[in-house]
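Examining the three-dimensional arrangement
One letter stands for each residue in the lines below.
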Amino acid sequence: MTTHTILDSAPAVAVKDGPLIDARGLHKRYNDVEVLKGVDFAALPGQVKALLGPSGSGKSTLLRLLNLLEHADDGEIIFEGARLGVRPGTTRHAPERMLAVQRRDIGMVFQRFNLFPHLTAVRNVSLRLAALPGVGRAEAEQRAAQMLERVGLGHRVHAYPSELSGGQQQRVAIARALVLNPKVMLFDEPTSALDPELVHEVLDVMEELAAEGMTMIVVTHETRFARRVADEVAFFDHGVILEQAEPEKFFSEPEHERTRQFLAHLH
């Protein structure tokens, strides 16, 4: 794929002191099943963190909480020093309109592309942007087209999802998340629904994002990507983070037997 500049700011963002997003003591239950059991998790500005673990271990649930799609049963999420998901100065859940504003700084890409089949790529990307105050449809579509160009789809702006490959549809979904200029990007197994030969299209875009300094939290089973791109890898098991380490140490010298078993299964 042709190399594209993903972000407007050319230099990579240096990792600064203190987390950009900081989850503290997160608990989440579904009926009688406790999916997260007091998880502490943070990402620094410019950091790429890869989340590995078996299905049902809590990785995707963490992302949904960070993106304010669900409320934690206990714990808190701090973003740039402010608590997310609650009314300012209180512990009461914020209404959806307030959550939508808080969510603008946190882009998310799902396993499934979730594109509107009756809208072109440029309309799918521009929809949320056009809904913002002071942004007209023409401006939104112009900015959406620029973002599609940046993910290598400048020639497909007027294509419908049914006319695009899976890799192209996922790149449209990435452009849709990026068009609001988020400060952190969450990826929930973004290549799991793709044919193997299309996986590289999406990983290439994600690697370019990382090189440009985007803060990223990535749930993935792509160990080569995690080893090459991530600054830190976290291993989830049964609702807790069992192990965190830099990629080289994580993959070469895991501390826990459970981590070693999981990696052996992946390989």
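Check the entry above for the structure.
Everything in this summary refers to the structure shown in the same document. (Residues numbered from 1 in each chain as written. Predicted model: local features only at pLDDT ≥ 70, side-chain atom pairs only at ≥ 80, totals over all residues. Heavy atoms only, no water.)

1. Topic: the overall build of the protein
Rule in force here: Secondary structure follows DSSP: runs of H or I at least 4 residues long count as helices, runs of E at least 2 residues long count as strands, and numbering of each begins at the N terminus. Just to be clear, the radius of gyration here is over C-alpha atoms, and the globule rule we use is 2.2 Å times residues to the power 0.38. Only protein chains enter the calculation, and the probe is 1.4 Å; a residue is then buried if its accessible area is under 20% of its type maximum, exposed if over 50%, and partly exposed in between. Contacts are assigned to residue pairs with any non-hydrogen atoms lying within 4.5 Å of each other. Where accessible areas are quoted, they stem from the Shrake-Rupley method and a 1.4 Å probe; at the residue level, only the protein chains shown are allowed to cover.
The number of helices and strands found in the protein is nine helices and 10 strands. Scaling as 2.2 N^0.38, a compact globule of 267 residues should have a C-alpha radius of gyration of about 18 Å, and the protein matches this with 18 Å. Across its three principal axes, the protein shows a C-alpha extent of roughly 50 × 45 × 40 Å. In the protein, buried positions account for 51% of the 267 residues. Here the analysis covers contacts within the protein between residues at least 6 apart in sequence; of these, 66% occur between residues at least 24 apart. When the accessible surface of the protein is totalled, it reaches about 12600 Å², and 48% of it is carbon and sulfur.

2. A look at the environment of valine 122
Residue position: valine 122 is located in helix α3 (residues 121-130). In sequence terms valine 122 and aspartate 204 are 82 residues apart; their C-alpha atoms lie 21 Å from each other. Contacts of valine 122, omitting those with residues within four sequence positions, involve Glu141, Ala144, Ala145, Leu148, Val157 and His158.

3. Re the pattern of salt bridges
Put simply, the rule reads: We count a salt bridge whenever a side-chain nitrogen from Lys or Arg sits within 4 Å of a carboxyl oxygen from Asp or Glu.
One pass over the full model with this rule turns up 19 salt bridges. Glutamate 76 is paired through a salt bridge with arginine 24; the nearest N and O atoms lie 3.4 Å apart. Taken together, the positions of glutamate 76 in strand β4 (residues 74-79) and arginine 24 in strand β1 (residues 21-30) put the pair 52 residues apart, joining distant regions of the chain. Overall, the relative accessible area of 25% leaves glutamate 76 in the partly exposed class. The salt bridge involving arginine 123 is made with glutamate 141; its shortest N-O contact spans 3.8 Å. Of this pair, arginine 123 sits in helix α3 while glutamate 141 sits in helix α4 (residues 137-150), placing them 18 residues apart in sequence. If you follow the salt bridges from partner to partner, you end up with Asp22, Arg24, Glu76 and Arg83 in one network.

4. Considerations on the packing of α3 against helix α5 (residues 166-178)
Put simply, the rule reads: Angular values range over 0 to 180 degrees, each being the angle between N-to-C directions of two axes fitted as lines to C-alpha atoms, with helices fitted over their stretch in contact. When an angle is under 35 degrees it counts as roughly parallel; over 145 it counts as roughly antiparallel; between 65 and 115 it counts as roughly perpendicular; any other value is oblique. We call a crossing left-handed when the near helix sits turned anticlockwise from the far one by less than a right angle, and right-handed when that turn is clockwise.
Packing of α3 against α5 brings their axes to within 8 Å, and their N-to-C directions diverge by 25 degrees. Of the possible angle classes, the one that applies to α3 and α5 is roughly parallel. Crossing angle aside, the handedness with which α3 passes α5 is right-handed. For the pair α3 and α5, contact is made by Ala121, Asn124 and Val125 and by Val172, Ala175 and Arg176, respectively.

5. A few points about the nonpolar core
Condition: The nonpolar core is taken to be a set of buried Ala, Val, Leu, Ile, Met, Phe, Trp, Tyr and Cys residues, with the residues joined through side-chain atoms within 4.5 Å.
One finds Leu52, Leu148, Ile174, Phe187, Met206 and Met216 to be the most contacted residues of the largest nonpolar core, which totals 53 residues. Leaving out residues up to four positions away in the same chain, methionine 216 has contacts with Gln47, Val48, Lys49, Met185, Phe187, Met206, Leu209 and Ala210. Among the nonpolar cores identified, the runner-up in size contains 27 residues, and Ile21, Ala94, Ile106 and Ala234 belong to it.

6. Thoughts on the sheet that holds strand β2 (residues 33-43)
What counts, and what does not: Two strands are said to pair when DSSP picks up at least two bridges between them.
In spatial order, the strands read β2-β1-β4-β5; together these four strands make up an open sheet with antiparallel pairing. Strands at the two margins of the open sheet, each flanked by one partner only, are β2 and β5 (82-83). The pairing of β1 with β4 spans five bridges and is antiparallel. Its bridge partner being in β4, aspartate 22 is matched across the sheet by isoleucine 78.

7. A closer look at the pairing of β2
With eight bridges joining them, β1 and β2 adopt antiparallel strand pairing. Across the sheet, histidine 27 pairs through a bridge with lysine 37, a residue of β2. With antiparallel pairing between neighbouring strands as the criterion, β1 and β2 make up a hairpin whose turn holds two residues, including asparagine 31 at a positive phi of roughly 55 degrees.

8. Side note on α5
Our working rule: Working rule for helices: expected span equals 1.5 Å times residues minus one.
For α5, built from 13 residues, the straight-helix expectation of 18 Å at 1.5 Å per residue is met to within 8% by its first-to-last C-alpha distance of 18 Å. For α5, the buried fraction is high: 13 of the 13 residues fall into the buried class.

9. Comments concerning the environment of glutamine 111
Along the chain, glutamine 111 turns up in the loop between β6 (106-109) and α3. Taking the relative accessible area as the measure of exposure, glutamine 111 reaches 31% and is therefore partly exposed. C-alpha separation for the pair glutamine 111 and serine 192, spaced 81 residues apart in sequence, amounts to 6.3 Å. Once you skip the residues sitting within four places of it in the chain, glutamine 111 turns out to touch Ser60, Gln170, Asp188, Glu189, Ser192 and Ala193.

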